[in-house]
Amino acid sequence: MVDIAFIGLGAMGSGMAANLAKAGHRVRAYDLMPASIEAAVAAGCVAAASVGEAVAGAAFVVTMLPTGAHVLDVYQNGEGVLAHAHPDAVFIDCSTISVEDARAAGEFARARGFLMCDAPVSGGVAAAAAGTLTFMVGGTAEEFEKAQPILQAMGKAVIHAGQSGAGQAAKICNNMLLAISMIGTCEAFVLAEKLGLDAKAFFDIASQSSGQSWSMTSYAPVPGLVPTAPSNRDFTNGFAGALMLKDLRLALEATHAVGMTAALALKSEEIYSEYSVKYPPNRDFSGVIDMLRNQ
């Protein structure tokens with residue numbers, strides 16, 4: 001049992017903090033939204049009134065924030081993590097941000113004598129709640145070893161991707177692939193419908209054939225096929241289309257940085273940009289099937 005500060009209690013962070021508390025750790029939870037803190041307390045965490053209060057004396061500081069700007073601010077400002085952290089604290093940032101921002105945060109922390117990992121996640125809200133996330137971790141071997149037990153309390157797989165920033169590199173590559181594969185899956189279901197093919201029959205065939213993918217078998221965009229998929233909940237409580245768009249744009253920024261053209265990622269960004277305008281931004285990204293169906 002260790003003291004853990006958890007900062008950022010959104011759709012993902014709330015489940016992650018709850019699982020750390022369930023594992024027996026003392027979790028001091030902080031978020032800008034009081035209702036999120038109240039929910040964390042109901043899940044076994046202790047409320048913190050500020051970042052500084054959450055961090056003071058904690059052996060580990062876990063952050064799960066929307067953007068790189070938020071991460072850098074929480075670590076660097078005078079009332080933030082570095083100003084209040086115990087000298088031996090280990091920092092674990094699970095946000096999805098750019099590789100450059102992850103490396104900048106890591107360099108800033110290490111320059112002051114701290115250990116820090118970038119450890120973005122894959123699996124979505126359901127996996128965050130169930131403690132079955134996959135973590136892709138960037139940092140030194142020592143940093144990974146220190147962070148691993150904490151991450152294991154929140155996930156089913158904790159994988160060392162390489163040095164600082166490598167976790168974020170793996171995450172944006174993974175989500176670029178996910179965005180592309182989901183659009184392809186949605187288009188295939190729409191075509192099957194228009195050809196008069198039963199969705200269940202198509203699913204049974206494609207899920208055991210060469211068209212099989214995670215988007216098909218774990219997150220099918222048609223209700224009644226995968227019980228845990230957001231399509232069964234009218235695309236609520238999933239991975240927001242606006243967040244997928246954010247991740248795609250991070251991936252495209254990376255392609256520009258390395259001089260690469262990613263044609264399918266560019267087209268996917270165009271499609272999810274339209275989706276985020278036509279539908280609520282918090283609607284699950286697989287709901288793009290409705291837009292494709294109506295075109």
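Calculation notes
- Residues numbered from 1 in each chain as written.
- Predicted model: local features only at pLDDT ≥ 70, side-chain atom pairs only at ≥ 80, totals over all residues.
- Heavy atoms only, no water.
- Helix = DSSP H or I, 4+ residues; strand = E, 2+ residues; numbered from the N terminus.
- Rg over C-alpha atoms; globule rule 2.2 N^0.38 Å.
- Buried < 20%, exposed > 50% of the residue type's maximum accessible area, 1.4 Å probe, protein only.
- Areas by Shrake-Rupley, 256 points an atom, 1.4 Å probe, with all protein chains shown as cover.
- Lys, Arg positive; Asp, Glu negative; His and termini not counted.
- Charge placed at Lys NZ, Arg CZ, Asp CG, Glu CD.
- Core = buried A, V, L, I, M, F, W, Y, C linked by side-chain atoms within 4.5 Å.
- Contact = heavy atoms within 4.5 Å.
- Axes fitted to C-alpha atoms, helices over the stretch in contact; angles between N-to-C directions.
- Parallel < 35°, antiparallel > 145°, perpendicular 65-115°, else oblique.
- Nonpolar A, V, L, I, M, F, W, Y, C, P; charged D, E, K, R; others polar.
- Expected span 1.5 Å × (residues − 1).
- Arc of directions from axis to C-beta.
- Pairing = 2+ DSSP bridges.
- Right-handed = clockwise from strand over helix to strand, strands pointing away.

Visitor: Can you tell me about the overall build of the chain, naming the residues and giving the values?
Guide: A tally of regular secondary structure across the chain gives 14 helices and nine strands. For 295 residues, the compact-globule estimate of 2.2 N^0.38 gives 19 Å, and the chain sits close to it at 20 Å. Overall, the C-alpha framework of the chain stretches about 65 × 45 × 35 Å when taken along its three principal axes. Every one of the 295 residues in the chain was classed for burial, and the buried ones make up 52%. As displayed, the chain offers around 12800 Å² of accessible surface, 59% of which is attributable to carbon and sulfur atoms. Side chains of the chain carry 18 positive and 27 negative charges; the gap between the two charge centres is 4 Å.

Visitor: Can you tell me about unusual backbone geometry, naming the residues and giving the values?
Guide: Here Asp-234, not a glycine, exhibits a phi torsion of approximately 55°, which is positive. Within the secondary structure layout, Asp-234 lies in the loop between helix H11 (214–217) and helix H12 (241–257). One non-glycine residue with positive phi stands out, namely Asn-237, at about 55°. Classification of Asn-237 as exposed rests on a relative accessible area of 58%.

Visitor: I'd like to hear about the nonpolar core, residue by residue, with values.
Guide: Phe-6, Met-16, Val-81, Phe-91, Cys-94, Phe-135 and Leu-151 are the most contacted members of the largest nonpolar core, which totals 58 residues. The biggest single contributor to this core is helix H1 (residues 11–22), with five residues. With sequence-adjacent residues up to four places away left out, Phe-135 is seen in contact with Met-16, Cys-94, Ala-119, Pro-120, Val-121, Leu-151, Met-154, Gly-155, Ala-157, Val-158 and Ile-159. Membership of the second largest hydrophobic core comes to 40 residues, among which are Ile-172, Leu-225, Phe-235 and Val-288.

Visitor: An account of the packing of helix H4 (residues 68–76) against helix H6 (residues 99–110) is requested, with residue identities and associated values reported.
Guide: At a minimum axis separation of 10 Å, H4 and H6 run at an interaxial angle of 5°. Between H4 and H6, the crossing angle belongs to the class labelled roughly parallel. Residues Gly-68, Ala-69, Val-71, Leu-72, Tyr-75 and Gln-76 of H4 pack against Asp-101, Ala-104, Ala-105 and Phe-108 of H6. For the contact of H4 with H6, the class distribution of residues is seven nonpolar, two polar and one charged.

Visitor: Which residues make up the environment of Gly-52, and what values go with them?
Guide: Mapping Gly-52 onto the fold places it in helix H3 (residues 51–55). Taking C-alpha positions, Gly-52 is 9.8 Å from Val-74, a pair spaced 22 residues apart along the chain. Not counting the four nearest positions on each side in its chain, Gly-52 is found in contact with Glu-79 and His-84.

Visitor: Describe H1, listing the residues and the values that go with them.
Guide: Across its twelve residues, H1 extends 17 Å between first and last C-alpha, which sits within 8% of the 16 Å expected from 1.5 Å per residue. H1 sits mainly inside the fold: nine of its twelve residues count as buried. Those residues of H1 not exposed but buried are Met-12, Gly-13, Gly-15, Met-16, Ala-17, Ala-18, Asn-19, Leu-20 and Ala-21. Looking at the buried positions of H1, the neighbouring elements they touch are strand E1 (3–7), strand E2 (26–30), strand E7 (121–122), helix H7 (124–130), strand E8 (133–138) and helix H8 (141–152). Gly-24 sits one or two residues past H1 and shows a positive phi near 100°.

Visitor: Give me H8: which residues, what numbers.
Guide: Look at H8: 16 Å from first C-alpha to last across twelve residues, which is about the 16 Å you get at 1.5 Å a residue. The set of residues buried in H8 consists of Glu-143, Phe-144, Ala-147, Ile-150 and Leu-151. Down the axis of H8, the smallest arc covering the buried residues is 125°, so these residues share one side. Along H8, exposed side chains directed more than 90 degrees from the buried face belong to Ala-141 and Glu-145.

Visitor: How would you sum up the pairing of strand E4 (residues 60–63)? Please name residues and give values.
Guide: Neither face of E4 is left uncovered, since the one carrying Phe-60 and Val-62 and the one carrying Val-61 and Thr-63 both have all their residues buried. With four bridges connecting them, E4 and strand E5 (residues 90–93) associate as parallel partners. Within E5, the position partnered with Val-62 by the bridge is Ile-92.

Visitor: Any chance you could break down the pairing of E5 for me, citing the residues and the numbers?
Guide: Because side chains alternate across E5, one face comprises the buried residues Val-90 and Ile-92, and the other comprises Phe-91 and Asp-93, equally buried. Of the strand pairs in this sheet, E5 and strand E6 (residues 115–118) are connected by four bridges, and their pairing is parallel. Looking across to E6, one finds that Asp-93 is bridged to Asp-118. With H6 bridging E5 and the parallel E6, this β-α-β connection has right-handed handedness.

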